[in-house]
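Commentary on secondary and tertiary structure
Below are the chains, spelled out letter by letter.
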Amino acid sequence: MTRQTSRTSPARAPQDLGELVTGGIGTSPARPDGTLKVLGEYAYSSDLWAQDMLWGATLRSPHPHARIRAVDIGPALAHPGVYAVLTHEDVPGENVYGLKIADTPVLAEDVVRYEGEPVALVAADHPETARRALDEIVVDYEVLEPVTDPERAAHDDTLPRLHPGGNVVRHQPVVKGDPDTGADVVVSGVYTVGMQDQAFLGPESGLAVPAEDGGVDLFLATQWLHGDRAQMARALGLPPEKVRLTMSGVGGAFGGREDLSMQIHSCMLALRTGRPVKMVYGRQESFHGHVHRHPATMYYEHGATKDGRLVFVRARMYFDGGAYASKTPVVVGNATSLGTGPYEVPHVRIEAWGVYTNNPPCGAMRGLGAVQPAFAYESQMDKLARALDMDPVRLRRLNAVAQGSVLHTGQVLDSPAPVAELLERLEKLPLPPRERTGPADIREMPGGVSNTTHGEGVVRGVGYSVVMKNVSYAEGVDDYSTARVRLQVIGGEPAALVHTAAAEVGQGLVTVHQQIARTELGVERVTLHATDTDVGDAGSSSASRQTYVTGGAVKNACEAVRAVVLGRAAGRFGEDPAGLSLAGGKVVSRTTGVVTDLVDVLGDDVIEETREYHHLPTHPMDPETGHSPRVHVQHAYSAHRAVVDVDTELGLVKVVRLDCAQDVGKAINPDAVAGQIHGGSAQGLGLALMEEIKVEDGRIRNPSFTDYLIPTILDMPPMTVDVIERADPNAPYGVRGVGEPPTISATPAIVNAIRDATGLELTHVPVAPEHICGLEP
């Protein structure tokens, strides 16, 4: 077996590899797990079971900010059925972890910094026993005043320092040209985004099993196996090879599984008791047990010439990271580097602060760091269009970036950037008729079947937005992935086995990796190895990166396997290997046709190759100017047009249509691409109209799906999805990330449509009925 690193090789079109294989790139094979999921028979991580299994539970702080004076675990230990009670004193290794900054305690020591912070652990023979034992742990708290205002936390040195380095996690300015220059027309606004939850339906869960070698095996739902393992090994005081992770069924992720939750805790309990330990969060605990989207306050000012050319953008942004850093540094970097949107702007000054508070921790969520500024800059573009008396789509097209544009960070867009084309395509789509030809159908009215209106007080609006989002990690991160591919004969036919550590969290890797292997190796039968840490790192299933990066690794490994096979065939039949390919289970010559069956070349041998894929290098932003020759690997572009009906008396909104145009570079699986766009649009709709974690004085007031509302199928409107493919020459097959951009562009399009209908400013999302009825701004 060989191992090497390589960059992208020139893409081989599927027709170059023969069209005798089905289910390859550009087709839409069914998900192998689809039927089981639809029937309710799919095994998720919460379904795991083991002989002699114990149940783990977590004691969490009831206070946003408090000093721990004492913890008495004696009564809990004496409870029948309890096998272990652990505190920070029982952490075997370092009592700290973190994705970017190691600042999060495994278990709180002398202070708690948010409501819900883990303080102690219990293992018992029944989940109810474990919960009752938690009630018997006595913690003596000295309650402290919480820091809850992120803008004040960024600048007020008189506030308590929540961490040794102060309350600012990252401050990043970006400056281009002369930001103090004037303009003919200037518009400004202050925009706020509420705290959104990933709202995955499968709560945090997993099963830890102690091993004979003193290590531990963890079966769980996560987004990054190797990232988890690295943090866990330090906390458990074990070498990484003794911490083995295997993916179990994931019930949604959207960024909420990037940070650790029960991983270290379950392993600590398993190692202490010597028995398997299962942990499953309830919904309320899940709301406290994972990070959320950063709330933001953003001050924006746009200046333009009389004919609509942007002159300057000036902005200040504040992101509430909560108690610990998580992805706050990345959010600040993304927000500032993407903060002008997909527009040419000669003069820019943007500053962003990511800060610590005693609010719930915030981290990764779909559209990381791009969702918040997109709401602000797209609101500003509509406001500017009104000030100029110009069509808002025309204004956007006039200022749209294109290939060759230089962003305010100094990065040159070196691949297609079809921003104007996306807007043109949306404009050409037919609009739903404004006038009804018959009686109103209350199911199509704001308020739906609640029968709140039959059309009285209902007005219609149309809104557009277009956004850009980075793909993969940025600012100098070596964002690589690894794949191992095996080719052999099984049951008389050639079969491939693909092994990666890339987490399938619903985005469709289960078909993508098979499609790539079928295309590159010309075989029908492709199996995916269990996803675990027995193969090299694949990075996180986030940042819309896995099809790009792990797809590239699978492609590289397949090419290496193919080279061995074709080399053998060329030697045996006197052919030039450069003129051979694999298709339909056969070795095919470009000049003479079929040479031989692949089965005959393989015989009893197994050909296995492991390869990495590394994309083009990126570079950190200058801490003073924000400049960098390449902040991001790639950019993706998405546009939405929303049509809404608004009941102005009750403040209710019905999204009538939510059409989307998006450049995906290359649609590996067209049906899956459309599904990702539908799903991303649904989360954008949720942020626009209903999803907000209400936090008061550091406490979550609505930690349930009774009070935290997410869109249902009845809230989702009809959608036309217009997918275009403008290949990125630097990416495998030309792909672009798909999953995040539609989440970003859906929200401002909907809010712009509500503004069009009502004439209201609407500076906060989600837009609530009281905002429309004039009770709040």
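Another aspect to go through is the overall build of the protein. Helix and strand counts for the protein come out as 17 helices and 30 strands. Relative to the compact-globule value of 28 Å for 777 residues, the protein shows a C-alpha radius of gyration of 27 Å, a close match. Overall, the C-alpha framework of the protein stretches about 80 × 70 × 60 Å when taken along its three principal axes. Per-residue burial over the protein gives 61% buried out of 777 residues. In the protein, the share of contacts with a sequence separation of at least 24, taken over all contacts with a separation of at least 6, comes to 81%. Charge centroids of the protein, computed over 68 positive and 98 negative side chains, lie 4 Å from each other.

The strand order across the open sheet built from seven strands is S4-S6-S2-S13-S10-S11-S12, with neighbouring strands paired in mixed fashion. In the strand order of this sheet, the two ends are held by strand S4 (82-86) and strand S12 (243-247), each with one partner. Recorded for the sheet is a direction-independent mean angle of 20 degrees between the axes of neighbouring strands. Where strand S2 (residues 54-60) lies against strand S13 (residues 277-280), two bridges are found, and the strand directions are parallel.

What the rule picks out here adds up to eleven aromatic pairs. With 4.9 Å between their ring centres and 75 degrees between their planes, Tyr42 and Tyr44 make a pair best called edge-to-face. Taking the relative accessible area as the measure of exposure, Tyr44 reaches 28% and is therefore partly exposed. Taken together, a centroid distance of 6.2 Å and an interplanar angle of 40 degrees make the contact between Trp224 and Tyr473 tilted. Note that Trp224 is positioned in the loop between strand S11 (216-220) and helix H5 (225-236) and Tyr473 in the loop between strand S17 (458-471) and strand S18 (480-490), a separation of 249 residues in sequence.

Of all seven residues that make up strand S6 (residues 118-124), seven are buried, and the element is covered over most of its length. Here S2 pairs with S6 via six bridges, running antiparallel. When the bridges of S6 are listed, Gly56 appears paired with Ala123. Taken together, the four bridges between S4 and S6 define a ladder with antiparallel strand orientation. The residue of S6 that forms the bridge with Leu86 is Leu121.

On to empty space enclosed by the protein. For the coordinates displayed, the defined rule picks out five cavities of 30 Å³ or more. Reported here for the largest cavity is a volume of approximately 260 Å³. Around the largest cavity, the lining comprises 22 residues; the ones closest to its centre are Tyr97, Thr104, Tyr114, Leu260 and Gly289. Of the residues belonging to the lining of the largest cavity, the class tally is eleven nonpolar, eight polar and three charged.

A few words on unusual backbone geometry. With an omega of 5 degrees, the peptide bond running from Val765 to Pro766 counts as cis. Looking at where Pro766 falls in the secondary structure, it is placed in the loop between strand S30 (764-765) and helix H17 (769-772). You will see that Asp389, though not glycine, has its phi angle at about 55 degrees, which is positive. In this fold, Asp389 is placed in the loop between helix H9 (371-388) and helix H10 (392-399). At Ser472, a residue that is not glycine, the phi angle is positive and equals roughly 75 degrees. Of note, Ser472 is situated in the loop between S17 and S18. Given the relative accessible area of 1%, Ser472 is considered buried.

So, about the nonpolar core. Counting residues in each nonpolar core, the largest one holds 83 residues, and the members touching the most others are Tyr300, Ile750 and Ile754. Element by element, the count of residues in this core is highest for H9, at nine residues. Setting aside anything within four residues of it in sequence, one finds Ile754 in contact with Val644, Val646, Val653, Leu689, Gly759, Leu762, Val767 and Ile772. By size, the runner-up hydrophobic cluster in this structure holds 42 residues, among which are Leu54, Ala501, Val505 and Val535.

What follows deals with H5. Over its twelve residues, H5 extends 16 Å from the first C-alpha to the last, a length consistent with the 16 Å expected when each residue adds 1.5 Å. Those residues of H5 that fall on the buried side of the exposure criterion are Leu225, His226, Gly227, Asp228, Arg229, Gln231, Met232, Ala233, Ala235 and Leu236. In this structure, the buried residues of H5 make contact with S11, S12 and helix H6 (263-273). Backbone geometry just downstream of H5 places Gly237 in the positive-phi region, at approximately 65 degrees.

Moving on: the sheet that holds strand S3 (residues 66-72). Read across the open sheet, the three strands follow the order S5-S3-S7; overall the sheet is antiparallel. Strand pairing shows two members of the sheet lacking a second neighbour, strand S5 (111-112) and strand S7 (138-143), which therefore form its edges.

Before going further, it helps to spend a moment on the environment of Glu212. As for its placement among the helices and strands, Glu212 is situated in the loop between strand S10 (205-210) and S11. When the C-alpha atoms of Glu212 and Ile750 are compared, they prove to be 56 Å apart, with 538 residues separating the residues in sequence.

Turning next to the side chain of His265. Looking at where His265 falls in the secondary structure, it is placed in helix H6. Of the residues examined, His265 reaches a relative accessible area of 4% and is grouped as buried.

This part is about the pairing of strand S14 (residues 296-304). Bridge count between strand S9 (residues 185-193) and S14: nine bridges; the pairing is antiparallel. Looking at the pairing, Val193 lines up with Ala296 of S14.

Two measures define how a pair of helices packs: the angle their axes make with one another and the distance between the axes. Two elements in contact, helix H15 (residues 670-689) and helix H16 (residues 741-758), have axes separated by 7 Å at closest approach and are oriented at 45 degrees. The angle between H15 and H16 falls in the class oblique. Between H15 and H16 lies a crossing whose hand is right-handed. Taken together, the residues of H16 that come into contact with H15 (itself represented by Gln676, Ile677, Gly680, Ser681, Gln683, Gly684, Leu685, Leu687, Ala688 and Leu689) are Pro742, Thr743, Ala746, Thr747, Ile750, Val751 and Ile754. Tallied by class, residues from the contact of H15 with H16 come to ten nonpolar, seven polar and no charged.

Averaged over the protein, the pLDDT score is 95; the fraction of residues at 70 or greater is 97%. Predicted confidence for residues 1-20 stays below pLDDT 50, and this span has 51 contacts to residues more than four positions away or in other chains.

With that settled, consider the packing of H9 against H16. The interhelical angle for the contact between H9 and H16, taken along N-to-C directions, is 35 degrees, at an axis separation of 9 Å. Note on packing geometry: the crossing formed by H9 with H16 is right-handed. Contacts from Val371, Ala374, Phe375, Glu378, Ser379, Asp382 and Arg386 of H9 reach H16 at Ile744, Pro748, Val751, Asn752 and Arg755. When grouped by side-chain class, the residues that make up the contact of H9 with H16 number six nonpolar, two polar and four charged.

A word on H6. Burial within H6 is extensive, with nine of its eleven residues counted as buried. Listed as buried for H6 are Gln263, Ile264, His265, Ser266, Cys267, Met268, Leu269, Ala270 and Thr273. Count one or two residues on from H6 and you reach Gly274, which has phi positive near 75 degrees.

The next thing to look at is the environment of Thr246. Mapped onto the secondary structure, Thr246 falls in strand S12. Judged by its relative accessible area of 21%, Thr246 is partly exposed. For Thr246 and Thr533, which are 287 residues apart along the polypeptide, the C-alpha to C-alpha distance reads 6.8 Å. Aside from chain neighbours lying at most four places away, what touches Thr246 is Leu218, Phe219, Leu220, Leu225, Thr531 and Asp532.

About the criteria used
Residues numbered from 1 in each chain as written. Predicted model: local features only at pLDDT ≥ 70, side-chain atom pairs only at ≥ 80, totals over all residues. Heavy atoms only, no water. Helix = DSSP H or I, 4+ residues; strand = E, 2+ residues; numbered from the N terminus. Rg over C-alpha atoms; globule rule 2.2 N^0.38 Å. Buried < 20%, exposed > 50% of the residue type's maximum accessible area, 1.4 Å probe, protein only. Contact = heavy atoms within 4.5 Å. Lys, Arg positive; Asp, Glu negative; His and termini not counted. Charge placed at Lys NZ, Arg CZ, Asp CG, Glu CD. Pairing = 2+ DSSP bridges. Axes fitted to C-alpha atoms, helices over the stretch in contact; angles between N-to-C directions. Phe/Tyr/Trp six-rings, centres within 6.5 Å; stacked < 30°, edge-to-face > 60°. 1 Å grid on protein atoms, 1.4 Å probe; cavity = no way out; pocket = protein on both sides within 12 Å on 5 of 7 lines; lining within 4 Å. Points joined across faces, edges and corners; volume = space filled by probe spheres on them. Nonpolar A, V, L, I, M, F, W, Y, C, P; charged D, E, K, R; others polar. Core = buried A, V, L, I, M, F, W, Y, C linked by side-chain atoms within 4.5 Å. Expected span 1.5 Å × (residues − 1). Parallel < 35°, antiparallel > 145°, perpendicular 65-115°, else oblique. Left-handed = near helix turned anticlockwise from the far one by under 90°. pLDDT = per-residue confidence, 0-100.

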